[in-house]
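What the coordinates show
Below are the chains, spelled out letter by letter.
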Amino acid sequence: MPRRPESIARLVGYVQGLSISAKFVLMYVIVFAVPIFVYAFYSFNNTTASMQAGYSRQSLDNLEAVFEHINRNIDTSETVIGTALDNDRFLEFIDGDMTQDDLALIGFKQNEYDQMVNLKNLNPTINNITFYMDNELIYELPPVLVGKAAFQDSALFDRLIRMRGREYFRINRDDRNAVGVPVHVVSLYRGITDHRQHEGVIEVNMQQNLFFQDLYDNAEEENELLLVLKADEPHALLFNENSAFYKKRMPAFADLSANLTAHTGKEKESYRFETSGERFAANAKYIRKMDAYLIQVYSLEGITGKVRDVRNRILIAVLVAISVLGIVTYALSSLLLKKLGVVVASMRRVQAGDLNVVVPVRGGDELDALAGHFNHTLVKVKDLIAQLLAKELAVNAAENKALQSQINSHFVYNVLESIRMLAEAEDKPDISEAVFALGKMMRYSMKGQGQHVRLSEEAAMAGTYVTLMNIVSDTRVELTVEIAGELEQCLVPKLSIEPLVENAVTHGIEPKGEDGSVAIVVTRRGDSLIVAVVDDGAGLDDRELARINGALDEEDVSRIELASKSGIGLFNVHRRIRLLYGKSYGISIASEKDVYTRVEMRLPCNRNIGGW
């Protein structure tokens, strides 16, 4: 067998030393990428030339449309000037002494002057009509009638007089609109001579963004720009400075504008140039009446980025290549990396939630080692999950059992019932009523209908407690309940309101040593049910209130005990609510010493969640 050349042998050795993934990439480059890039390069060049030619034709058509729009605005300005100068009575009055006859001035204001204002109003695109008169005897009525001194460029004023009725356009001049806001305008001037006593100039101007409206449209286009270049003002280059085209090329825009000025002539033409490393094409058209050029410039590189058909062809080729590569890769993976495929499939099953996965180990290579480590890790994960779940169940069961400490003895209830009957037989109504109320509370706590009750039942239970306390205590407590009708059927945790009322009586009303009141107010706030228990008892000082609220928020019963002996019942209710519904719900307290205490309990409205 003949020996291969040394260079080929080195190349083969290098390829053989590559990783499997690198070999796949090399295969992709040789089989798919090279042909795709060759085809894309050929197609892109052909399509780019065609696209640029088409874009040039489109640019010329667009330029023609903009040119016609500008000419219409020119015609509008000329028509307004002609109409204004046809008003002989207006011209005769401003040519004479306007200060001599007040009545004549008033008549002029109400007739000829208003006619000029109406002429402006009838042409909404016109910004202002202004007469600048070289007449010291005029009565100025801005902005329609002013003296020569208001004309900022005296040389231009004299030039317009010498032009003997010929018109002259000026762009990018400052003026104000009807509400006094500064605006840029395009002004058309004509001298007023006609062998009158006093000479003057009439100006009709239009807001620049209306006169050259197309210059300010499509500001987000970053690959083309419309401009206007005034022939007798080399530096008067008008364009939209807020356009994406200008912002993108702002540092180099001076060079670009210099190229445009140098190439533009007085005929419609197209040309190309390069500046700052970017190639541009431009189409220009001469606006004779304004002695200005309308130019559309566009980036040739920007156009190539819009060649969607080339992009689509490349995408189709890439998709075909990827599809073929996927088939080849799948076949090679199945043949060469079958064990790795089994490990990956097992990982996906674990990701989907199946932890009873065992990857078979049949050999001793790296993939078998990986499979063994995967099996061992999965066993450890299952053990840890089982331990954690068992811990959580034990903790929740213990907390629920401790927090649900209810009296469940039928014997005690039967004894109380016997005492009540004996008291009635002995004509002791107070004792009978007290025992009845206590028995009613025990019967309510022992009912096995579930851990949630209707809001109306829980409020009634709180009323029973207050009745009992008014019998056995010297202090009288008045209880009021305010519940909207549609909220009475909401489900609340059993024995959640009574402990709050008990806390209000025991630690709010009784320490004050006088009668008091407790109110239960239930409202709805969004999707939550707000149960507020308010008393006018002893209240809490700021330090004690802060410590209790902080302990409730952190669910720290030891801090509750340190803060106040009255907090244990509140903590139990608060903890039960959070175990049932989560940390968005629970108890908060507001209080003022010797004034009131408000305990607010937030619950989900009409959520029937079982299991305390």
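In this report, the structure presented in the accompanying data block is examined. (Residues numbered from 1 in each chain as written. Predicted model: local features only at pLDDT ≥ 70, side-chain atom pairs only at ≥ 80, totals over all residues. Heavy atoms only, no water.)

Topic: the overall build of the protein
Note the threshold: Numbering of helices and strands runs from the N terminus, with a helix taken as a DSSP run of H or I at least four residues long and a strand as a DSSP run of E at least two residues long. Per-residue accessibility, obtained with a 1.4 Å probe over protein chains only, is compared with the maximum for each type, and a residue is labelled buried under 20%, exposed over 50%, and partly exposed between these values. Contact between two residues is taken to exist if any of their heavy atoms lie within 4.5 Å; hydrogens are not considered. Shrake-Rupley sampling with a 1.4 Å probe provides the accessible areas, and residues are treated as covered by the protein chains on show and by no other component.
Scanning the protein from N- to C-terminus turns up 20 helices and 17 strands. Looking at the protein as a whole, 41% of its 612 residues are labelled buried. Restricting the contact set of the protein to residue pairs at least 6 apart, pairs at least 24 apart contribute 62%. Accessible surface, the protein: about 34,300 Å² in total, of which carbon and sulfur atoms supply 54%.

Examining the environment of arginine 602
For the record, the criterion: In protein, a polar contact requires one atom able to donate a hydrogen and another able to accept it; more generally it is a pair of N or O atoms within 3.5 Å, and residues adjacent in sequence count only if both atoms are side-chain atoms.
Inspection of the secondary structure assignment puts arginine 602 in strand S17 (residues 596-604). Exposure remark for arginine 602: the relative accessible area of 27% places this residue in the partly exposed category. C-alpha separation for the pair arginine 602 and isoleucine 577, spaced 25 residues apart in sequence, amounts to 8.7 Å. Non-local contacts of arginine 602, meaning those with residues more than four positions away in its chain, are made with Arg525, Ser528, Leu529, Ile530, Ile577, Ser584, Tyr585 and Gly586. Side chain to side chain, arginine 602 and serine 528 meet in a polar contact 3.2 Å long.

As for the sheet that holds strand S3 (residues 167-176)
Heads up, the rule is: The rule for pairing is simple: two strands pair if DSSP sees at least two bridges between them. Axis lines are fitted to C-alpha atoms, over the contacting stretch for helices. Their N-to-C directions set the angle, which ranges from 0 to 180 degrees.
If you trace the five strands from one edge of the open sheet to the other, you get S2-S1-S5-S4-S3, paired in mixed fashion. If you trace the sheet from one side to the other, it starts and ends with strand S2 (145-147) and S3, each paired once. Averaged over all pairs of adjacent strands, the angle between their axes in this sheet comes to 30°, without regard to strand direction.

A word on the layout of surface pockets
The line we're drawing: Buriedness of a pocket was judged along seven lines, with at least five required to meet protein on both sides within 12 Å; pockets are open sets of points on a 1 Å grid over the protein atoms alone, cavities are sets where a 1.4 Å probe fits but cannot get out, and lining residues have an atom within 4 Å of a point. Grid points are joined across faces, edges and corners, and a volume is the space filled by probe spheres set on the points.
Its volume calculated, the second largest pocket comes out at about 370 Å³. Along the walls of the second largest pocket sit 17 residues, with Tyr132, Ala150, Gln152, Arg173 and Asp174 positioned nearest its centre. Secondary structure elements with two or more residues in the lining of the second largest pocket: strand S1 (126-133) and S3.

With respect to helix H3 (residues 88-95)
In plain terms, the rule: What the arc covers is the set of directions going from the helix axis to the C-beta atoms.
Along H3, the positions that sit buried rather than exposed are Phe90, Leu91, Ile94 and Asp95. What you see down the axis of H3 is that its buried residues fit within an arc of 125°, all on one side. Residues of H3 that are exposed and point more than 90 degrees away from the buried face comprise Arg89 and Glu92.

Section: the nonpolar core
Test applied: Remark: nonpolar core denotes a set of buried residues (Ala, Val, Leu, Ile, Met, Phe, Trp, Tyr, Cys) joined through side-chain atoms within 4.5 Å.
In terms of nonpolar packing, the biggest core is built from 45 residues, with Phe131, Phe212, Met290 and Leu294 touching the most fellow members. Of the residues forming this core, the biggest block, nine residues, is contributed by helix H2 (residues 20-85). The residues contacting methionine 290, other than those within four sequence positions of it, are Ile70, Ile74, Phe169, Ile171, Val186, Phe211, Phe212 and Lys230. Within the second largest apolar cluster, 41 residues are counted, among which are Val505, Ile520, Val573 and Tyr581.

Points about helix H16 (residues 455-472)
Selection rule: Multiplying one less than the number of residues by 1.5 Å gives the expected span of a helix.
End to end, H16 covers 26 Å across 18 residues, agreeing with the expected 26 Å (1.5 Å per residue, within 8%). Those residues of H16 not exposed but buried are Leu455, Glu458, Ala459, Met461, Ala462, Gly463, Thr464, Tyr465, Val466, Leu468, Met469 and Asn470.

Some words on the packing of aromatic side chains
Definition in use: Centres within 6.5 Å make a pair out of two Phe, Tyr or Trp rings, where for Trp the six-membered ring is used; the pair is then stacked when the planes are under 30 degrees apart, edge-to-face when over 60, and tilted otherwise. When the NZ atom of lysine or the CZ atom of arginine is within 6 Å of a ring's centre and also within 35 degrees of its normal, the charge is said to sit over that ring.
Scanning all chains against the criterion turns up 16 aromatic pairs. Ring plane angle 65° and centroid distance 5.5 Å describe the contact between phenylalanine 151 and tyrosine 189, whose orientation is recorded as edge-to-face. Here the residue phenylalanine 151 occupies a position in the loop between S2 and helix H5 (154-162), and tyrosine 189 occupies one in strand S4 (residues 182-192), the gap between them amounting to 38 residues. Its relative accessible area of 8% is what places phenylalanine 151 among the buried residues. Each ring, one from phenylalanine 211 and one from phenylalanine 212, has its centre 4.9 Å from the other, and the planes form 75°; the classification is edge-to-face. When its relative accessible area of 0% is taken as the criterion, phenylalanine 211 is described as buried. An aromatic cluster of three or more residues is present, and its members are Phe90, Phe93, Phe108 and Phe131. The lysine or arginine in question, arginine 249, covers the ring of phenylalanine 245, its NZ or CZ lying 4.2 Å from the ring centre. A cation sits over an aromatic face here: lysine 285 above phenylalanine 67, 4.5 Å from the ring centre.

Focus: unusual backbone geometry
Backbone torsion omega between proline 142 and proline 143 reads 0°, so that peptide bond is classified as cis. Tracing the sequence through the fold places proline 143 in the loop between S1 and S2. A positive phi angle, near 50°, is found at aspartate 291, a position not held by glycine. The residue aspartate 291 is located in the loop between strand S9 (278-287) and strand S10 (292-299) in this model. Even without being a glycine, aspartate 594 presents a positive backbone phi close to 65°. Mapped onto the fold, aspartate 594 is located in the loop between strand S16 (586-592) and S17.

Section: the sheet that holds strand S15 (residues 528-535)
The strands making up a sheet associate through hydrogen bonds between their backbones, and the pairing can be parallel or antiparallel. If you walk across this open sheet you meet the five strands as S12-S14-S15-S17-S16, and the pairing is mixed. The open sheet has two edge strands, strand S12 (477-483) and S16, and neither has a second partner. Sheet twist, expressed as the average angle between the axes of neighbouring strands with direction ignored, equals 15°. Where S15 and S17 come together, eight bridges link them in antiparallel fashion. Opposite aspartate 535, over in S17, you have threonine 597 as the bridge partner. Contacts from H16 reach S12, strand S14 (516-525) and S15 within the one sheet, and its direction differs from that of S12 by about 170°.

Some thoughts on the pairing of strand S5 (residues 200-207)
Of all the eight residues making up S5, seven are buried; the element is thus mostly covered by neighbouring parts of the structure. Two elements, S1 and S5, share seven bridges in a ladder whose sense is antiparallel. Looking at S5, one finds that threonine 130 is bridged to glutamate 203. As defined by bridge partners, S4 adjoins S5 across eight bridges and the pair is classed as antiparallel. Across the sheet, residue leucine 188 finds its bridge partner in S5, namely valine 204.

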